[in-house]
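Structure assessment
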Amino acid sequence: MKIRKALKILAVAALLIVGVALIVPFLGPHRDGRDALEVNPSCTHLCDGEDGGFFGGDGGDGAFGGKGGNAWLYGNGGRGGDGVAAAATGGAGGNGGLMRGSGGAGGNGANVTAPTGDVVAGSGASGGSSGLFGGNPGHGGDGGNAATTTGTATAGNGGDSGSRVSDLNFAGDSGGGGNGGTATTVDGAAIGGAGGYGGHGKWHAAQPGGDGGTATVTGSGDATAGAGGAGGGVFYGTAAGGGNGGSATTPDGTAAAGHGGQGGLVVTTGGAAGNGGAGGDATGTVAKGGNGGAGGKFGFGTTGGDGGAGGNASGPNVTPGLGGAAGTGMFGANGVTGQNGR
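In this text, all values refer to a predicted model and were calculated from it rather than measured experimentally.

Definitions and limits used
- Residues numbered from 1 in each chain as written.
- Predicted model: local features only at pLDDT ≥ 70, side-chain atom pairs only at ≥ 80, totals over all residues.
- Heavy atoms only, no water.
- Pairing = 2+ DSSP bridges.
- Helix = DSSP H or I, 4+ residues; strand = E, 2+ residues; numbered from the N terminus.
- Patch = residues over 30% accessible without salt bridge, like charges linked within 9 Å, V, L, I, M, F, W, Y side chains within 5 Å.
- Areas by Shrake-Rupley, 256 points an atom, 1.4 Å probe, with all protein chains shown as cover.
- Salt bridge = Lys/Arg side-chain N within 4 Å of Asp/Glu carboxyl O.
- Buried < 20%, exposed > 50% of the residue type's maximum accessible area, 1.4 Å probe, protein only.
- Disulfide = S-S within 2.5 Å.
- Phe/Tyr/Trp six-rings, centres within 6.5 Å; stacked < 30°, edge-to-face > 60°.
- Lys NZ or Arg CZ within 6 Å of the ring centre and 35° of its normal.

Moving on, we get to the pairing of strand β5 (residues 183–191). Relative to β5, strand β3 (residues 146–147) runs parallel, the two being bridged by two bridges. Paired with A147 across the two strands is T184, which belongs to β5. Note that strand β4 (residues 150–154) and β5 share five bridges and pair parallel. The residue bridging T152 from the neighbouring strand is A189, located in β5. Looking at chain direction, β5 and strand β7 (residues 215–220) are connected through four bridges and run parallel. Bridge pairing in β7 places D187 opposite S220. Of the pairings in the sheet, the one linking β5 to strand β8 (residues 223–224) comprises two bridges and is parallel in character. Paired with I191 across the two strands is T224, which belongs to β8.

Structural data, given as structure tokens:
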């Protein structure tokens with residue numbers, strides 16, 4: 001009896017808390033958080049944006065690899081700052097308000113250029129999360145570009161979408177994945193960055209995966225491009241396509257293009273699965289086109305996504321990319337298999 005009474009009290013308290021939170025924007029003052037360089041103008045590394053006010057307000061933007069500020073109950077998260085040093089990732093996007101608000105975009109990875117030697121660029125950061133009842137997760141940041149004349153250039157990967165949309169958020173879209181960075185060298189190896197994941201949209205819609213970065217060698221060496229990121233999926237709604245694979249080019253060496261990302265899945269009827277991304281093209285003495293990404297899978301009565309086209313290959317010794325597999329439909333039609341490259 002005492003346990004039952006205690007549970008009733010807890011349930012009433014929970015309802016009161018939610019009710020108060022829903023009307024708080026009309027009661028309390030709003031205050032936007034300041035951008036990082038407003039808080040500290042002399043900051044040069046990992047400068048975080050300020051959080052918004054408790055009753056409402058957006059988070060401030062980060063700078064130099066710092067995180068975006070968070071919103072508390074209502075408001076949007078701040079954008080993460082771009083990376084500024086070799087191999088420095090971007091700052092994470094700030095989180096949207098607990099009740100309602102969109103997450104901030106993740107910062108881009110640092111670009112790196114050197115006259116000689118191996119260089120590694122920074123990766124993009126993930127976006128911030130969305131609110132329980134409204135808002136979208138933040139977009140992933142782009143990977144940084146890498147360039148050198150003699151040595152290995154390794155580009156950064158794209159960041160992923162912010163975390164999945166809440167079950168109570170019926171109109172939120174996923175954030176989308178960042179693109180992989182490009183890699184360029186004269187003599188050496190070039191390695192493009194991979195695209196980020198498009199995220200989970202739950203009830204409404206998802207956004208595409210990021211494209212893979214290109215890899216280019218202008219003298220002698222191997223070029224390996226980045227793969228496309230997987231497209232965002234949904235439980236009920238419209239899934240998104242996978243990112244396209246990057247192209248790879250070298251006049252003297254092996255060129256391996258990036259594979260396309262898999263299309264997003266949709267679980268229940270009434271939505272559409274995502275198509276696979278296209279494989280990248282390759283040009284080299286040994287050239288391997290990227291395979292197309294598989295189409296997104298099923299759903300009750302939903303058609304599977306189409307497979308992405310395979311990439312083309314050019315040179316003395318070539319292997320064209322294969323078309324991506326058709327997405328299967330559990331009680332609906334399958335998608336179409338992607339065309340092979342040539």
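Looking now at unusual backbone geometry. Phi angles above zero are rare outside glycine, and L46 is one such case at about 50°. With respect to the helices and strands, the residue L46 is situated in the loop between α2 (36–39) and β1 (112–113). Positive phi, normally seen in glycine, also occurs at K202, with a value near 60°. Here K202 shows up in strand β6 (residues 200–202).

A cluster of nonpolar residues, F54, F55 and W72, forms a patch on the protein surface that exposes about 320 Å² of accessible area. For F55, the position within the fold is in the loop between α2 and β1. A relative accessible area of 34% places F55 in the partly exposed class.

By the definition in use, this model includes one disulfide. In this model C43 forms its disulfide with C47; the gap between the sulfur atoms is 1.9 Å. One quick way to see it: the torsion about the S-S bond of C43 and C47 is about -100°, and its sign makes the bridge left-handed. In terms of burial, C43 and C47 fall into one category: buried.

Going through the model one piece at a time under the given rule, you end up with four aromatic pairs. Centroid distance F54 to F55: 5.5 Å. Interplanar angle 85°. Geometry classified as edge-to-face. Taking the centre distance of 5.6 Å and the plane angle of 80° together, the rings of W203 and F235 count as edge-to-face. Taken together, the residues W203 in the loop between β6 and β7 and F235 in the loop between β9 (233–234) and β10 (248–249) connect sequence positions 32 residues apart. Residue class for W203 comes out partly exposed when judged on its relative accessible area of 27%. Using a relative accessible area of 30% as the deciding quantity, one classes F235 as partly exposed. The structure contains a cluster of three or more aromatic residues connected by ring pairs, namely F54, F55 and W72. Over the ring of W203 we find K202; its NZ or CZ atom is 4.8 Å from the centre of that ring. Its end group placed over the ring of F235, K202 keeps NZ or CZ at 4.7 Å from the ring centre.

Read these as layout, nothing more, since geometry by itself doesn't imply function.
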